[in-house]
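Reading the structure
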Amino acid sequence: MPSSLELLPEAEKFLQDSKKVLIGGDWVESSTGKTFPSYDPGNGEVLTEVPECGADDVDRAVKVAREVVDTRRWWGRQPSERRDILLAIASSVEANKMELAQLETLDQGKPLFMAMAEMDLVVNTFRYFAGWVDKFYGETNPTDSNMFVYSLREPVGVTAGIIPWNYPLIMLAYKVAPALAFGNAMILKPAEQTPLTALRFGELALEAGLPPGVLQILTGAAETGKALVAHPGIDKISFTGSTEVGKLIMKGAADSLKRVTLELGGKSPNIVFSDADIKPAANFSMYGVFLNSGQTCTAGTRLLVERSIHDEFVEAVSKAAEKMTLGHGLSSETRMGPVVSQEQLDRVLGYIETGTKEGASVVSGGARADGDLASGYFVQPTIFAGVTSDMRIAQEEIFGPVLAVIPVDDIDEAIRIGNDTEYGLAAAVWTKDLKKAHKVAAGLKAGTVWVNTYGLFDPAVSFGGYKASGFGRELGKHAIEAYTQTKSVWVNLA
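This section reports on the structure supplied with the text. (Residues numbered from 1 in each chain as written. Predicted model: local features only at pLDDT ≥ 70, side-chain atom pairs only at ≥ 80, totals over all residues. Heavy atoms only, no water.)

Right, let's talk about the sheet that holds strand 19 (residues 448-451) for a bit. Read from one edge to the other, the open sheet built from seven strands follows the order 14-15-16-13-12-18-19, with strand pairing classed as mixed. Pairing within the sheet leaves two strands with one partner each, and these edge strands are strand 14 (361-364) and strand 19. Adjacent strand axes in the sheet meet at a mean angle of 25 degrees when their direction is disregarded. Inspection of the sheet shows strand 14 paired to strand 15 (residues 382-385) by three bridges, in the antiparallel sense. (Pairing = 2+ DSSP bridges. Helix = DSSP H or I, 4+ residues; strand = E, 2+ residues; numbered from the N terminus. Axes fitted to C-alpha atoms, helices over the stretch in contact; angles between N-to-C directions.)

With burial as the criterion, each face of strand 12 (residues 269-272) is covered, one bearing Pro269 and Ile271 and the other bearing Asn270 and Val272. Alignment of strand 12 against strand 13 (residues 302-306), held across four bridges, turns out to be parallel. Pairing of Pro269 across the sheet is with Arg302, part of strand 13. Handedness of the crossover is the feature at issue here: the chain leaves strand 12, passes through helix 10 (residues 278-290), returns alongside strand 13, and the resulting connection is right-handed. (Buried < 20%, exposed > 50% of the residue type's maximum accessible area, 1.4 Å probe, protein only. Right-handed = clockwise from strand over helix to strand, strands pointing away.)

Here we come to unusual backbone geometry. Although it is not a glycine, Asn292 adopts a positive phi angle of roughly 60 degrees. Secondary-structure assignment places Asn292 in the loop between helix 10 and strand 13. We classify Asn292 as buried; its relative accessible area is 4%. Even without being glycine, Lys467 reaches a positive phi, approximately 50 degrees. The residue Lys467 is located in strand 20 (residues 466-467) in this model.

This paragraph deals with the pattern of salt bridges. Per the counting criterion, the structure on display carries 26 salt bridges. Across the pair Glu81 and Arg77 runs a salt bridge, and its minimum N-O distance is 2.6 Å. Since its relative accessible area comes to 26%, Arg77 is described here as partly exposed. As a salt-bridge pair, Glu474 and Lys175 come within 2.5 Å of each other at their nearest N and O atoms. (Salt bridge = Lys/Arg side-chain N within 4 Å of Asp/Glu carboxyl O.)

Moving on: the packing of aromatic side chains. Within the structure shown, the criterion is met by 11 aromatic pairs. For Lys19, the ring lying beneath its charged end belongs to Phe14, and the centroid distance is 4.7 Å. Here the basic side chain of Arg335 rests over the ring of Phe113, its NZ or CZ set 4.7 Å away from the ring centre. (Phe/Tyr/Trp six-rings, centres within 6.5 Å; stacked < 30°, edge-to-face > 60°. Lys NZ or Arg CZ within 6 Å of the ring centre and 35° of its normal.)

Read from one edge of the open sheet, three strands run 5-6-22, paired in antiparallel fashion. The open sheet has two edge strands, strand 5 (140-141) and strand 22 (484-492), and neither has a second partner. As defined by bridge partners, strand 5 adjoins strand 6 (residues 147-155) across two bridges and the pair is classed as antiparallel. Residue Asn141 lies in a different strand from strand 6, and its bridge partner there is Val149.

Moving on, we come to the layout of surface pockets. What the largest pocket holds in volume is close to 1200 Å³. For the largest pocket, the lining is made up of 40 residues, of which Trp165, Phe239, Gly241, Ser242 and Val245 are closest to its centre. Elements represented by at least two residues in the lining of the largest pocket include exactly helix 8 (222-230), strand 10 (236-240), helix 9 (243-254) and helix 12 (342-357). Sorting elements by how many residues they give to the lining of the largest pocket places helix 9 first, with six residues. By residue class, the composition of the lining of the largest pocket is 19 nonpolar, 11 polar and 10 charged. (1 Å grid on protein atoms, 1.4 Å probe; cavity = no way out; pocket = protein on both sides within 12 Å on 5 of 7 lines; lining within 4 Å. Points joined across faces, edges and corners; volume = space filled by probe spheres on them. Nonpolar A, V, L, I, M, F, W, Y, C, P; charged D, E, K, R; others polar.)

Before going further, it helps to spend a moment on the environment of Ile217. One can find Ile217 in strand 9 (residues 215-217). Remark: the alpha-carbon pair of Ile217 and Gly265, spanning 48 residues in sequence, is separated by 24 Å. Leave out the neighbours within four places in its chain, and Ile217 touches Val21, Leu22, Leu188, Pro190, Ala198, Leu199 and Gly202. (Contact = heavy atoms within 4.5 Å.)

Glancing now at the nonpolar core. In terms of nonpolar packing, the biggest core is built from 98 residues, with Ile89, Phe126, Leu172, Leu180, Ile187, Phe201 and Leu210 touching the most fellow members. Per-element accounting of this core gives the leading share, 11 residues, to helix 6 (residues 168-181). In contact with Leu180, not counting residues within four places along its chain, are Trp74, Arg82, Leu86, Met186, Leu210 and Val214. By size, the runner-up hydrophobic cluster in this structure holds 30 residues, among which are Val272, Ile278, Met286 and Ile383. (Core = buried A, V, L, I, M, F, W, Y, C linked by side-chain atoms within 4.5 Å.)

Our focus in this paragraph is helix 4 (residues 97-108). Since one α-helical turn is 3.6 residues long, residues separated by three or four positions face the same way. With 12 residues, helix 4 should cover 16 Å at 1.5 Å per step; its first-to-last C-alpha distance of 16 Å lies within 8% of that length. Here helix 4 lies mainly inside the structure; 10 of its 12 residues are buried. Inspection of helix 4 places Glu99, Leu100, Ala101, Gln102, Leu103, Glu104, Thr105, Leu106, Asp107 and Gln108 among the buried residues, and these make up the whole buried set. (Expected span 1.5 Å × (residues − 1).)

Here it is in structure tokens:
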């Protein structure tokens, strides 16, 4: 394993131990008896084998979760007790931060420094939602003087979280923390490419005092997800992933009228005007697209630059990108790791070829990394100039380190091209003129708009998309709506 960092004994032991799935507080074999490999994308080697769950496992997990909900085994506990358990989970993640970060780096490919920072966000997310446990209320409703009417805010019930492979433990936290904070039971399916930190998290959650059955963790691929979506005993699906799969989940959930929250793809415009501060704008633009090897739903993959500074800015971003040292995530020198799989590598290289055929010109990168990195799934950070908004590389989500630069002449054109996509997840504006910034932010159809920065997240700030980027909001107080429902009670006083 190429690295400059020795694995912790705990991480080594976890990799060597046989993997099981979490149902009812017990680690059990899958009903199928099948397993699938989890790979290190930095070198293509198999890390371990993971159980492949089937419909029977889903049914077993749902029955356990249903009993937890129906008997109020979790929701019925004192709010202070549930709060303290979530805080204990956060502290356990914090205490095992390095181990979890190493496992995330091995399984997903991202640089260790980045995985370490992500563990901090996981901890903060659980602590944030622990603070909500005793702070969401029902209401009293004014009506007929002979009636006392009030509402109760209650858990949705049995929820399922289906998460992607780009930020495995963060995505887990975004779903598990609010679901549990608001009294639900959850069945979590991590992505088949990156199941390891979810399984390790399950161990830590039980050790922290989470009652059996409140959280189930099932590993598997598409068939496992389909079984979750189709199961009539699940009340809500929360999915983060591609728009294509999101549409399938909506269709599958319709038969049982499940609630659905979807956080889907993006093709985010990063707009730079001529009055912007060039150096920070170039650095943030570079990180905004190449961070996590471009495998970020909010990545600023469309760089819209005012024409008068176009060439200067492209050169500045290219120079910044040259500093993105590629390598195995455990190397201290690495600033950009591989993409997650051979499938993703082929997809990204295919889009680079498409961009060239469409007439765009490669300014930087444009190929698979070779030499010592040839065994891993590495793509050079790639910048295309001469891009028009109708090109596929400007319209379709590549989910890799590929930037499309498009010149614009004024505010109106920037807004028009910024909105010229089916997606609407995020956007950014760079200008010293705050009046201009507010106008552009108001005109863009996106769930998040950053001004003179890029890619900031906080558990207290809601997150979600417009258009084909999905609906519903995660994080912040809006998560209350995602994981609770209200009941109106009428009391006759006459």
